[in-house]
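Descriptive structure summary
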Amino acid sequence: MKLRILGSGTSTGVPEIGCTCPVCTSADPRDNRLRASSLLHTDDAVILIDCGPDFREQMLRTSSYEKIDGVLITHEHYDHVGGLDDLRPFCRFGEIPVYSDTYTATHLRARMPYCFVDKIYPGVPRIYLQEVEAGKSFYIHNTEVMPLRVMHGKLPILGYRIGGCLGYITDMHTMPEEAYEQLKGLDVLVMNALRPQPHPTHQSISEALVAAERIGAKETYFIHMSHHAGLHAEISKQLPSHVHFAYDGLEIVF
């Protein structure tokens, strides 16, 4: 498998508009973080994980233009779904299924009604919703996907175990015991770590380290960082050898 981190930032992105802190003014490209999203290549499928408002720019950066076999949505917040309309060029390869839980699907139908009606006008992205449930696996071609429940503050959202060896979790604050069990034996874990300070709906870096240790993946990569996380070059030195701060454009092969 190959996972490309398209965006590793939180909802405001980094640099944050109007901020002149050392991170937002850094010349290190690893400190420039678009909104969180990733592109996964398995043996038989190309899977997009979340599709935020930076999706168009992210795909132009990758110079990637190929069939997308499915889009996994973690939740309905704008920084994770705001780019769905920009899937239009990729629909030239065929319709694209968008997988989400029922709550998210309901909000997407309300937010983008022109995409989910019987009669659509030319140019509308040819996407369709596939509702999934935590704990019930499904397949994209031959790639198994297991949605699992995590809590974004008080909002239940989805994480995913994909192909048996990748765990992908974002915007998590806490996670039920069942989800920890579903994440055992991973080769790679991608998980959110917002900043050093506590937050009511996201894991802090120290909380993410505790969760990562409990899950016990061979390698863990943190995403969804804000500018408060600090400079990439400095904060990376504080992590265990098997835990890494991801950055935009990082490719993980496993």
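Quick note: structure is the one above.
What this report covers is the structure whose coordinates are included nearby. Everything quoted here is computed from the prediction, not taken from an experiment.

Here we take up the pairing of strand β5 (residues 96-100). Most of β5 sits inside the fold, with five of its five residues counted as buried. Neither face of β5 is left uncovered, since the one carrying I96, V98 and S100 and the one carrying P97 and Y99 both have all their residues buried. Pairing of β5 with strand β6 (residues 127-131), which is carried by five bridges, proceeds in the parallel orientation. Opposite P97, over in β6, you have Y128 as the bridge partner. Once the chain exits β5 it traverses helix α3 (residues 102-111) before rejoining the sheet at β6, and the crossover so formed is right-handed.

With mixed pairing, seven strands are arranged side by side in an open sheet as β7-β8-β9-β10-β11-β12-β13. What marks the edges here is a single partner per strand, and that holds for β7 (138-140) and β13 (243-245). Taking the axes of each pair of neighbouring strands and ignoring which way they run, one obtains an average angle of 25° across the sheet. Relative to strand β9 (residues 155-162), strand β8 (residues 143-152) runs antiparallel, the two sharing eight bridges. Following the sheet pairing, R149 is matched in β9 by L158. Against the sheet, helix α5 (residues 205-215) engages β11 (188-192), β12 (219-223) and β13, with an angle of about 155° to β11.

Definitions and cut-offs
Residues numbered from 1 in each chain as written. Predicted model: local features only at pLDDT ≥ 70, side-chain atom pairs only at ≥ 80, totals over all residues. Heavy atoms only, no water. Buried < 20%, exposed > 50% of the residue type's maximum accessible area, 1.4 Å probe, protein only. Helix = DSSP H or I, 4+ residues; strand = E, 2+ residues; numbered from the N terminus. Pairing = 2+ DSSP bridges. Right-handed = clockwise from strand over helix to strand, strands pointing away. Axes fitted to C-alpha atoms, helices over the stretch in contact; angles between N-to-C directions. Contact = heavy atoms within 4.5 Å.

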